[in-house]
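Listed below, chain by chain, are the residues.
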Amino acid sequence: AQKITQTQPGMFVQEKEAVTLDCTYDTSDPSYGLFWYKQPSSGEMIFLIYQGSYDQQNATEGRYSLNFQKARKSANLVISASQLGDSAMYFCAMRERSGSGNTPLVFGKGTRLSVIA
Amino acid sequence: EPEVTQTPSHQVTQMGQEVILRCVPISNHLYFYWYRQILGQKVEFLVSFYNNEISEKSEIFDDQFSVERPDGSNFTLKIRSTKLEDSAMYFCASSEREGLETQYFGPGTRLLVL
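Residues numbered from 1 in each chain as written. Chains lettered and ligands numbered in written order. Predicted model: local features only at pLDDT ≥ 70, side-chain atom pairs only at ≥ 80, totals over all residues. Heavy atoms only, no water.

Caption draft 1: Examining the side chain of serine 87 of chain B more closely. Residues and elements named next belong to chain B. The topology assignment puts serine 87 in the loop between strand 8 (75-79) and strand 9 (88-95). Classification of serine 87 by relative accessible area gives buried; the value is 19%. There is a polar contact of 3.0 Å between the side chain of serine 87 and the backbone oxygen of leucine 84. When neighbours within four sequence positions are excluded, serine 87 is seen to be in contact with Ile38, Leu111, Leu112 and Val113. (Helix = DSSP H or I, 4+ residues; strand = E, 2+ residues; numbered from the N terminus. Buried < 20%, exposed > 50% of the residue type's maximum accessible area, 1.4 Å probe, protein only. Polar contact = N/O pair within 3.5 Å; in protein donor to acceptor, adjacent residues only side chain to side chain. Contact = heavy atoms within 4.5 Å.)

In structure tokens, the structure reads:
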């Protein structure tokens, strides 16, 4: 079963508008972390934002915020005031605490965001 | 700002050849990882490494793969006998602590097996 689901293969947004990228996850572990990474066309993976399962507040990092709805098991990324440089692939990922301390990230299939001038 | 570095950025090899992909994790990080991303697909976990031992490995990480920390700074992934399906982007990542710490990724090595 998919642990991370990103249902939007592609999204378009007008420059300066806000956009929400969807992510739902599946885990029975009470302790987990949710991450968003950005992958521009050059290929590198850039960490954007983190949300812990016990965090009371939604995470924010500059123009990025994470809309964390624990009961719905969703962790949507909100990008405010989109810029042309935001055009990239965006991956949602999760780490679970169970198992060894060195647990891997599990990634979704990604959403390709295109920002239009 | 400290970052993970990887060399080479691109590698082309013949099927059956051995390749070694190199990574220098962030200096105070203790936990290291390799992931791969086949073109157009999602990022997949290969192996995690701590204290000179493999912590976890995926089904992809079979006997043709090995990892090593040959000195205090480098972390390598060796593919003994490359196959066409090994063509992918290979990412090294590191984290400072265990648990739910953020993993920081290197820029990747794009491997093409002919």
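That was the structure; now back to the text.
Caption draft 2: Examining a nonpolar patch on the surface more closely. Residue and element names in this part refer to chain B. On the surface, a nonpolar cluster with roughly 280 Å² of combined accessible area is contributed by Val12, Leu112 and Leu114. Structurally, leucine 114 is set in the segment after strand 11 (109-113). Overall, the relative accessible area of 49% leaves leucine 114 in the partly exposed class. (Patch = residues over 30% accessible without salt bridge, like charges linked within 9 Å, V, L, I, M, F, W, Y side chains within 5 Å. Areas by Shrake-Rupley, 256 points an atom, 1.4 Å probe, with all protein chains shown as cover. Salt bridge = Lys/Arg side-chain N within 4 Å of Asp/Glu carboxyl O.)

Caption draft 3: Quick peek at the state of the cysteines. Residue and element names in this part refer to chain A. Scanning the model with the defined rule gives two disulfides over all chains in all. Covalent S-S linkage joins cysteine 23 and cysteine 92, the inter-sulfur distance amounting to 2.0 Å. Disulfide cysteine 23-cysteine 92: the torsion about the S-S bond is -65°, which places it as left-handed. One end of the pair, cysteine 23, is in the loop between strand 3 (19-21) and strand 4 (24-25); the other, cysteine 92, is in strand 10 (residues 88-96), with 69 residues separating them in the sequence. As far as burial versus exposure is concerned, cysteine 23 and cysteine 92 are alike and both buried. (Disulfide = S-S within 2.5 Å.)

Caption draft 4: Quick peek at the side chain of arginine 36 of chain B. Relative to the elements of secondary structure, arginine 36 of chain B occurs in strand 4 (residues 31-37). Given a relative accessible area of 10%, arginine 36 of chain B falls into the buried group.

Caption draft 5: The nonpolar core, seen in detail. Counting 24 residues, the largest nonpolar core has Tyr25, Trp36, Ile49, Leu77, Tyr90 and Leu113 of chain A as its most contacted members. For this core, the elements supplying multiple residues, two or more each, are strand 3, strand 5 (32-39), strand 6 (46-52), strand 8 (64-69), strand 9 (74-79), strand 10 and strand 12 (111-116) of chain A. The element that contributes the greatest number of residues to this core is strand 10 of chain A, accounting for four residues. Ignoring any residue separated from it by four or fewer positions in sequence, one finds isoleucine 49 of chain A in contact with Leu34, Phe35, Trp36, Ala59, Thr60, Glu61, Tyr64, Ser65, Leu66 and Leu77 of chain A. If you look at the next biggest cluster of nonpolar residues, it comprises 21 residues, including Phe32, Trp34, Phe49 and Phe61 of chain B. (Core = buried A, V, L, I, M, F, W, Y, C linked by side-chain atoms within 4.5 Å.)

Caption draft 6: Structural context of the packing of aromatic side chains. A full pass over the atoms with the stated rule returns 21 aromatic pairs over all chains. On the basis of an interplanar angle of 5° and a centroid distance of 4.3 Å, the ring pair of tyrosine 31 of chain B and tyrosine 50 of chain B is categorised as stacked. Here tyrosine 31 of chain B is found in strand 4, whereas its partner tyrosine 50 of chain B is found in strand 5 (residues 44-50), with 19 residues between them in sequence. Look at tyrosine 31 of chain B and you get buried, because its relative accessible area is 8%. Residue classification places tyrosine 50 of chain B among the partly exposed positions, given a relative accessible area of 34%. Ring plane angle 65° and centroid distance 5.7 Å describe the contact between tyrosine 35 of chain B and phenylalanine 45 of chain B, whose orientation is recorded as edge-to-face. Residue tyrosine 35 of chain B is located in strand 4, and its partner phenylalanine 45 of chain B is located in strand 5; the two are separated by 10 residues in the primary sequence. Each of the two residues, tyrosine 35 of chain B as well as phenylalanine 45 of chain B, counts as buried. Taken together, the ring pairs in this structure connect Phe35, Tyr37, Phe47, Tyr50, Phe91 and Phe107 of chain A together with Tyr33, Tyr35, Phe45, Phe91, Tyr104 and Phe105 of chain B into an aromatic cluster. (Phe/Tyr/Trp six-rings, centres within 6.5 Å; stacked < 30°, edge-to-face > 60°.)

Caption draft 7: Molecular detail of the interface of chain B and chain A. Chain B puts 26 residues into the contact, and the matching count from chain A is 25 residues. A combined buried area of about 2000 Å² lies between chain B and chain A, and 54% of that area is made up of carbon and sulfur atoms. The largest share of the area that chain B buries against chain A comes from Lys42, Leu100 and Phe105 of chain B, three residues that together contribute 33% of it. Remark: the boundary between chain B and chain A carries zero salt bridges. On inspection of chain B and its partner chain A, the count reaches six residue pairs in polar contact (both at pLDDT 80 or more). Contributions of two or more residues to the side of chain B that touches chain A are made by strand 4, strand 5, strand 6 (53-57), strand 9 and strand 10 (104-105) of chain B. Broken down by element, the residue count for the side of chain B that touches chain A peaks at five residues, all from strand 4 of chain B. Looking at side-chain class alone, the side of chain B that touches chain A contains 14 nonpolar, eight polar and four charged residues. (Buried area = accessible area lost by both parts, 1.4 Å probe. Nonpolar A, V, L, I, M, F, W, Y, C, P; charged D, E, K, R; others polar.)

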